[in-house]
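This is what each chain is made of:
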Amino acid sequence: MEEMVVLRLSTKVKQESSPYPDRGEVSEDYILVKVRFSRAIGSRSSLDYPVIWEERTLLDSRQFWVKLRSVQNVSSPYRTRCAQSITESLSLMRVPEEEHPNAINKLLEVLDATVSTELPIDVAIWDMTFLFGSDAVSEAMDMYKPNLVPATRSSIEALERVNVDHTLPYEDPCVICLEDFSVDQMVIHLPCSHYYHEHCIVRSLEISHMCPLCRYPMPILVEEVPPQPC
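A quick note: this is a predicted structure, and the numbers were derived from the prediction, not measured. (Residues numbered from 1 in each chain as written. Predicted model: local features only at pLDDT ≥ 70, side-chain atom pairs only at ≥ 80, totals over all residues. Heavy atoms only, no water.)

Draft legend 1. Looking closely at the overall build of the chain. For the chain, the helix and strand inventory stands at six helices and seven strands. Secondary structure of the chain in N-to-C order comes out as β-β-β-α-α-α-β-α-α-β-β-β-α. Per-residue burial over the chain gives 43% buried out of 230 residues. Excluding contacts between residues fewer than 6 apart, the proportion of contacts in the chain whose partners are at least 24 apart in sequence is 69%. Summed over all atoms, the accessible surface of the chain reaches about 13100 Å², with 52% contributed by carbon and sulfur. (Helix = DSSP H or I, 4+ residues; strand = E, 2+ residues; numbered from the N terminus. Buried < 20%, exposed > 50% of the residue type's maximum accessible area, 1.4 Å probe, protein only. Contact = heavy atoms within 4.5 Å. Areas by Shrake-Rupley, 256 points an atom, 1.4 Å probe, with all protein chains shown as cover.)

Draft legend 2. Structural detail: the packing of aromatic side chains. Scanning the entire structure with this criterion turns up one aromatic pair. Ring centres 5.8 Å apart and planes at 80 degrees place the aromatic pair Tyr20 and Trp65 in the edge-to-face group. With a gap of 45 residues between them, Tyr20 in the loop between strand E1 (4–15) and strand E2 (30–43) and Trp65 in strand E3 (residues 52–67) connect regions that are remote in the sequence. Among the residues examined, Tyr20 registers a relative accessible area of 30% and is labelled partly exposed. Taking relative accessible area as the criterion, Trp65 reaches 30% and is therefore assigned partly exposed. (Phe/Tyr/Trp six-rings, centres within 6.5 Å; stacked < 30°, edge-to-face > 60°.)

Draft legend 3. Region of the structure containing the sheet that holds strand E6 (residues 186–189). Ordered by their spatial adjacency, three strands build an open sheet running E5-E6-E7, and the pairing between neighbours is antiparallel. In this open sheet, the two strands that pair with only one neighbour each are strand E5 (160–163) and strand E7 (195–197). Here the average twist between neighbouring strands, direction ignored, is 40 degrees. Note: E5 against E6, four bridges, orientation antiparallel. Bridged to Val162 within E6 is Val187. The strands touched by helix H6 (residues 198–205) within the sheet are E5, E6 and E7, with E7 carrying the most contacts at an inclination of about 100 degrees. (Pairing = 2+ DSSP bridges. Axes fitted to C-alpha atoms, helices over the stretch in contact; angles between N-to-C directions.)

Draft legend 4. Region of the structure containing the nonpolar core. Judged by nonpolar contacts, the single largest core of 27 residues is most densely connected at Leu190, Tyr196 and Leu205. Elements that contribute at least two residues to this core include exactly strand E4 (121–132), E6, E7 and H6. Both domains that meet at this core, namely domain 1 (4–132) and domain 2 (143–220), each give it at least three residues. (Core = buried A, V, L, I, M, F, W, Y, C linked by side-chain atoms within 4.5 Å. Domains from an automatic or database assignment.)

Draft legend 5. The pattern of salt bridges, seen in detail. A full pass over the atoms with the stated rule returns six salt bridges. Here Arg36 makes a salt bridge to Asp122, at a shortest N to O gap of 2.8 Å. Note that Arg36 is positioned in strand E2 and Asp122 in strand E4, a separation of 86 residues in sequence. There is no split in this pair, since Arg36 and Asp122 are both buried. The salt bridge involving Arg62 is made with Asp60; its shortest N-O contact spans 3.3 Å. (Salt bridge = Lys/Arg side-chain N within 4 Å of Asp/Glu carboxyl O.)

Draft legend 6. Region of interest: the environment of Leu7. Structurally, the position occupied by Leu7 is in strand E1. Look at Leu7 and you get exposed, because its relative accessible area is 62%. Distance from Leu7 to Asp127, taken between C-alpha atoms, is 7.6 Å for residues 120 residues apart in sequence. Apart from residues lying up to four places away in sequence, Leu7 is in contact with Met128 and Thr129.

Draft legend 7. Representation of helix H3 (residues 100–112) within the structure. With 13 residues, H3 ought to run about 18 Å at 1.5 Å a step, and its terminal C-alpha atoms sit 18 Å apart, in line with that. For H3, the complete set of buried residues consists of His100, Ala103, Ile104, Leu107, Leu108, Val110 and Leu111. The buried residues of H3 occupy an angular sector of 160 degrees when the element is viewed end-on, so they sit on one face. (Expected span 1.5 Å × (residues − 1). Arc of directions from axis to C-beta.)

Draft legend 8. Structural view of the packing of helix H2 (residues 77–92) against H3. The N-to-C vectors of H2 and H3 enclose an angle of 135 degrees; their axes lie 10 Å apart at closest approach. In terms of orientation, H2 and H3 fall into the oblique class. Along this stretch, H2 crosses H3, giving a crossing that reads as right-handed. Here H2 contributes Arg79, Ala83, Ile86, Thr87, Leu90 and Ser91 to the contact with H3, which in turn contributes His100, Ala103, Ile104, Leu107, Leu108 and Asp112. Among the residues making up the contact of H2 with H3, the classes are represented as seven nonpolar, three polar and two charged. (Parallel < 35°, antiparallel > 145°, perpendicular 65-115°, else oblique. Left-handed = near helix turned anticlockwise from the far one by under 90°. Nonpolar A, V, L, I, M, F, W, Y, C, P; charged D, E, K, R; others polar.)

By themselves, these are just geometric observations and shouldn't be taken as functional.
Here it is as structure tokens:
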């Protein structure tokens, strides 16, 4: 089988829903910016199968206190210095240089729209590798195929649907699509306590009854096998 490797860089920026627990002596004029750089490696035999995440690793993280009103002034030298300082830190974190402008632009867009300094800004940068058709993928899929039994329709429909708010215990994105959860968005809570976008996990469970993160088994329909004639 011919090997194909797809590389993708992705940056998601959002304001968190919970205040930073200890500001210390930092003035209320400043807002905390948290930057995380992570690597994810997944395999997929085709678009009809969910991604098998073989590795999700936090590579580096940094925190910055930014003076909100000054950085929101587009003609301020502080805004330029702030962007340059964070760009230098991205280099030290080994974030690929081609992703720097995208990360800085998205961060500034969120900062410009921010009102309160109490809620930190989260910058999640992902370096993702998707493997298609390689020997490693084939081997992984050979191990995975026995579990490609869909969950029952009734068990999928009975799953708990909840709206995203600050009480939900997660910070990472949906591991199926790697997109962030948005406030007031409908998500599904599996019995194993993992959360997913509704459309992501429904499609996944229609293929495999296993939780993509912990392999928790959802109910399946076991068909009766007719007795063989003697």
